[in-house]
Amino acid sequence: MAVRSIVLMGDPRIFTVAEPVTEFNSAELDQLITDMEDTMAELNGVGLAAPQIGVSKRLVIFGSDHNLRYPDAPEVPKTVLINPVIKVLDENTDELWEGCLSIPGMRGLVARPTHIHYHGFDQYGNEIEREANGFHARVVQHECDHLDGILYPMRMEDLRYFGYEQALTR
Ligand code: NI
């Protein structure tokens, strides 16, 4: 069990474009994924990108059956996704209040495309290819944005809908 500390917004590492993973099926990669899973579970995250624990690699994990931070959200398959590529299938967007473990205590209303296709690899180098809608599509887009140094406030159009959780629930 290794819960790693989270790189927070403001740290230059969180804005860095991550490097592709070139070696699959390695002990080093397995250890990184285990640490990310432990860290995500400890913090009740629904997703985590490697740069958020200070590792500049194009690797994200996501998925949950029931999540404390998003109690009303539908199930998302537990996934390790490496070197992902997203294609937007429908430019229609919807809005949801997002949070991020690198921006603790805050939420923002973010519009994102509702229907995507994504492609990548698991830790063994097997291809993953899926279509996703709704919350699943949103989580994938949010996590993959981290690989390009993009945080959700950078996707927002109106920063009046960005704020502290305790103020927003009033
Ligand atoms: Ni995030």
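In what follows, the structure referred to is the one given above.
What comes next concerns the included structure. (Residues numbered from 1 in each chain as written. Predicted model: local features only at pLDDT ≥ 70, side-chain atom pairs only at ≥ 80, totals over all residues. Heavy atoms only, no water.)

Brief notes about the pairing of strand β2 (residues 59–64)
Burial analysis of β2 places six of its six residues in the buried class, which makes it a mostly covered element. Residues Leu-59, Ile-61 and Gly-63 line one face of β2 and the alternating positions Val-60, Phe-62 and Ser-64 line the opposite face, and both faces are buried. When strand β1 (residues 47–49) meets β2, the two strands line up antiparallel, connected through three bridges. Across the sheet, the residue bridging to Leu-48 is Ile-61, located in β2. Where β2 and strand β3 (residues 76–98) come together, five bridges link them in antiparallel fashion. Bridge pairing in β3 places Val-60 opposite Leu-81. (Buried < 20%, exposed > 50% of the residue type's maximum accessible area, 1.4 Å probe, protein only. Helix = DSSP H or I, 4+ residues; strand = E, 2+ residues; numbered from the N terminus. Pairing = 2+ DSSP bridges.)

Remarks on the coordination of the nickel ion
Here the nickel ion is held by Cys-100 (SG), His-142 (NE2) and His-146 (NE2), and the distances to it run 2.1 to 2.3 Å. For the nickel ion, the single-chain donor residues occur in sequence as C-x41-H-x3-H. Placement of the pair is Cys-100 in the loop between β3 and β4 (106–121) and His-142 in helix α2 (residues 134–147), with a sequence separation of 42 residues. (Donors = N, O, S within 2.8 Å, 3.2 Å for Na, K, Ca; no water.)

Quick look at the nonpolar core
The biggest cluster of nonpolar side chains holds 18 residues, and the ones touching the most others in it are Val-60, Phe-62, Leu-81, Ile-116, Tyr-118, Phe-135 and Val-140. Elements that contribute at least two residues to this core include exactly β2, β3, β4, β5 (127–133) and α2. A per-element tally of this core places α2 first, with six residues. Filtering out sequence-adjacent residues up to four positions away, Ile-116 remains in contact with Ile-86, Lys-87, Val-88, Leu-89, Arg-130, Glu-131, Ala-132, Ala-137, Val-140 and Gln-141. Counting 16 residues, the second-largest nonpolar core is a separate cluster that includes Val-21, Leu-29, Ala-50 and Ile-82. (Core = buried A, V, L, I, M, F, W, Y, C linked by side-chain atoms within 4.5 Å. Contact = heavy atoms within 4.5 Å.)

Side note on the packing of aromatic side chains
Summed over all chains, the structure comprises three aromatic pairs. Taking the centre distance of 6.1 Å and the plane angle of 80° together, the rings of Phe-62 and Tyr-118 count as edge-to-face. Separated by 56 residues along the polypeptide, Phe-62 in strand β2 and Tyr-118 in strand β4 bring together distant segments of the chain. By relative accessible area, Phe-62 is classed as buried at 2%. (Phe/Tyr/Trp six-rings, centres within 6.5 Å; stacked < 30°, edge-to-face > 60°.)

Here we look at α2
Its 14 residues place the ends of α2 21 Å apart at the C-alpha level, agreeing with the 20 Å of an ideal helix rising 1.5 Å per residue. Buried residues dominate α2, accounting for 13 of its 14 residues. Looking one or two residues past α2, Gly-149 carries a phi angle of roughly 75°, positive in sign. (Expected span 1.5 Å × (residues − 1).)

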